[in-house]
Structures are given as structure tokens and as C-alpha cells.
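# Coordinates in review
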Amino acid sequence: YKDIETATIDLKDHIKKSRDVLVDAEVVIFTLGFTEIWNSVNRNMTLPIYPLGKDKGYHPPDDFTFKASSFEENYQNVKNGIKILKENNPNVKILLTVSPVHLNLTYRADADVVSASCASKSILRAVADQIYKEEEQVYYFPSYEVVNMLCSLENTPAYQNDGHHVQRNIVDIIMNMFQEVYVK
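So, a few notes on the structure that sits alongside this text. The shown structure was predicted, so the numbers you read here are calculated from the model rather than taken from an experiment.

Attention now goes to the pattern of salt bridges. Under the definition given, this model contains 13 salt bridges. With a closest N to O distance of 2.8 Å, Asp63 and Arg43 form a salt bridge. Separated by 20 residues along the polypeptide, Asp63 in the loop between strand 3 (45-47) and strand 4 (65-68) and Arg43 in the loop between strand 2 (36-40) and strand 3 bring together distant segments of the chain. Look at the salt bridges and you will find they share partners, linking Lys79, Lys86, Glu134 and Glu135 into a network.

This paragraph deals with the environment of Pro61. Along the chain, Pro61 turns up in the loop between strand 3 and strand 4. Judged by relative accessible area, which is 38%, Pro61 ranks as partly exposed.

Here we take up the sheet that holds strand 2. If you trace the 3 strands from one edge of the open sheet to the other, you get 3-2-4, paired in antiparallel fashion. Edge strands, defined here as strands with exactly one partner in the open sheet, are strand 3 and strand 4. Pairwise comparison of adjacent strand axes, ignoring direction, gives a mean angle of 30 degrees for this sheet.

Read from one edge to the other, the open sheet built from 3 strands follows the order 1-5-6, with strand pairing classed as parallel. Each of the sheet's edge strands pairs with one partner strand only, and the pair in question is strand 1 (27-32) and strand 6 (138-140). Between one strand axis and the next, the sheet turns through 25 degrees on average, direction left out of account. Two elements, strand 1 and strand 5 (residues 93-98), share 6 bridges in a ladder whose sense is parallel. Counterpart to Val27 in the pairing with strand 5 is Lys93.

The N-to-C vectors of helix 4 (residues 143-153) and helix 5 (residues 168-182) enclose an angle of 125 degrees; their axes lie 10 Å apart at closest approach. Relative to helix 5, helix 4 is oriented oblique. Relative to helix 5, helix 4 is oriented so that their crossing is right-handed. Mapping the contact onto sequence places Ser143, Val146, Val147 and Cys151 in helix 4 and Ile170, Ile174 and Met177 in helix 5. Partitioned by chemical class, the residues of the contact of helix 4 with helix 5 number 6 nonpolar, 1 polar and no charged.

So, how was this worked out
- Residues numbered from 1 in each chain as written.
- Predicted model: local features only at pLDDT ≥ 70, side-chain atom pairs only at ≥ 80, totals over all residues.
- Heavy atoms only, no water.
- Salt bridge = Lys/Arg side-chain N within 4 Å of Asp/Glu carboxyl O.
- Helix = DSSP H or I, 4+ residues; strand = E, 2+ residues; numbered from the N terminus.
- Buried < 20%, exposed > 50% of the residue type's maximum accessible area, 1.4 Å probe, protein only.
- Pairing = 2+ DSSP bridges.
- Axes fitted to C-alpha atoms, helices over the stretch in contact; angles between N-to-C directions.
- Parallel < 35°, antiparallel > 145°, perpendicular 65-115°, else oblique.
- Left-handed = near helix turned anticlockwise from the far one by under 90°.
- Contact = heavy atoms within 4.5 Å.
- Nonpolar A, V, L, I, M, F, W, Y, C, P; charged D, E, K, R; others polar.

Here it is as C-alpha cells:
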């Protein structure tokens with residue numbers, strides 16, 4: 001943005017349009033991605049920034065600190081999001097899913113990227129499972145499981161050569177499954 005005023009106007013417009021869509025939606029899909037977050041107490045702001053790393057020239061402003069959010073934090077945040085959505089749209093159906101895209105970097109000092117990614121996805125999958133069991137009109141779609149388990153069982157490569165992005169043919173399988181289950 002050229003200035004803060006332009007950014008503020010655009011943000012307010014985005015919030016209004018998002019609210020309009022969400023209060024009229026029949027279905028909302030929540031894709032849970034990562035537990036790694038950046039928090040600024042000074043700004044009362046939390047960012048779900050995908051960590052590109054200082055070596056790539058990116059780092060949040062100095063007043064942001066990194067943390068890996070817990071099961072309880074994610075559970076409460078998703079529950080609160082669903083509560084607010086249902087207060088504004090009582091008939092909405094909510095579909096939870098966990099993104100199959102792994103971390104390719106982590107800011108955690110206590111874990112390597114593979115362990116950090118596994119922990120992150122495990123926490124989010126457990127959150128989705130708990131909420132799915134508790135909430136009416138909340139469903140779960142297994143895109144994470146298709147990529148990380150079904151592909152392995154069928155000896156089908158799930159990821160592109162970068163080991164990060166899902167193969168197009170696997171995305172097509174997921175979308176076809178979704179259509180079979182949820183689209184009449």
C-alpha cells in the first residue's frame with residue numbers, strides 16, 4: 001500500500017465483504033495449517049506467518065516473538081471461531097480439514113523441521129478430531145490422511161520433487177473424493 005490510510009480502507013472493505021460472505025454461507029471450510037505463530041503483545045496481534053527464514057531476507061518486526069502454539073490454544077481458537085460463526089450464521093455447516101503441506105523450515109530451537117512439522121500436524125489433527133466429536137454441523141474431511149497415509153499405502157508419490165507441494169494428480173483425487181462425499 002502507498003500509505004496507512006489506503007491500507008486501512010482496504011482492510012475495512014475486506015472485513016465487511018468477508019462478513020457478508022460468511023453470514024450467508026451454507027458451508028465454511030476451515031483448513032488447519034500450522035501451529036507456528038508470531039505474536040506481538042504491543043500490537044495485540046498474532047500472525048500465522050509461514051517461516052521463510054532470515055536467510056531469505058524475511059523476519060517479522062522486532063516486537064514479534066515466535067512460538068509453537070499448543071493443543072489447548074488451537075482448540076480454544078477453533079472453538080471460538082466456530083462459536084462466532086454460528087452466532088452470525090446458525091445454519092452453517094463447517095468442514096474441518098488439516099493441510100497436508102508440511103513445514104519446510106522451522107523457528108523451533110528444540111526440534112528439527114521434520115519433528116516440528118509432525119508435531120504441528122498431529123496437534124491440529126487432534127484438535128479437529130476433538131471438535132468434530134463435540135460440535136453439531138461440524139464435519140471432517142481427510143485430505144491430510146489421503147496425502148500422508150493413503151499415498152504411502154498405495155506406493156504413490158504424494159509430493160512434487162520439492163518434497164513440499166502436493167502432486168497435481170493427488171489434489172485431483174482429493175477433490176474427486178470431496179465431490180463424491182459432499183457435492184450432490
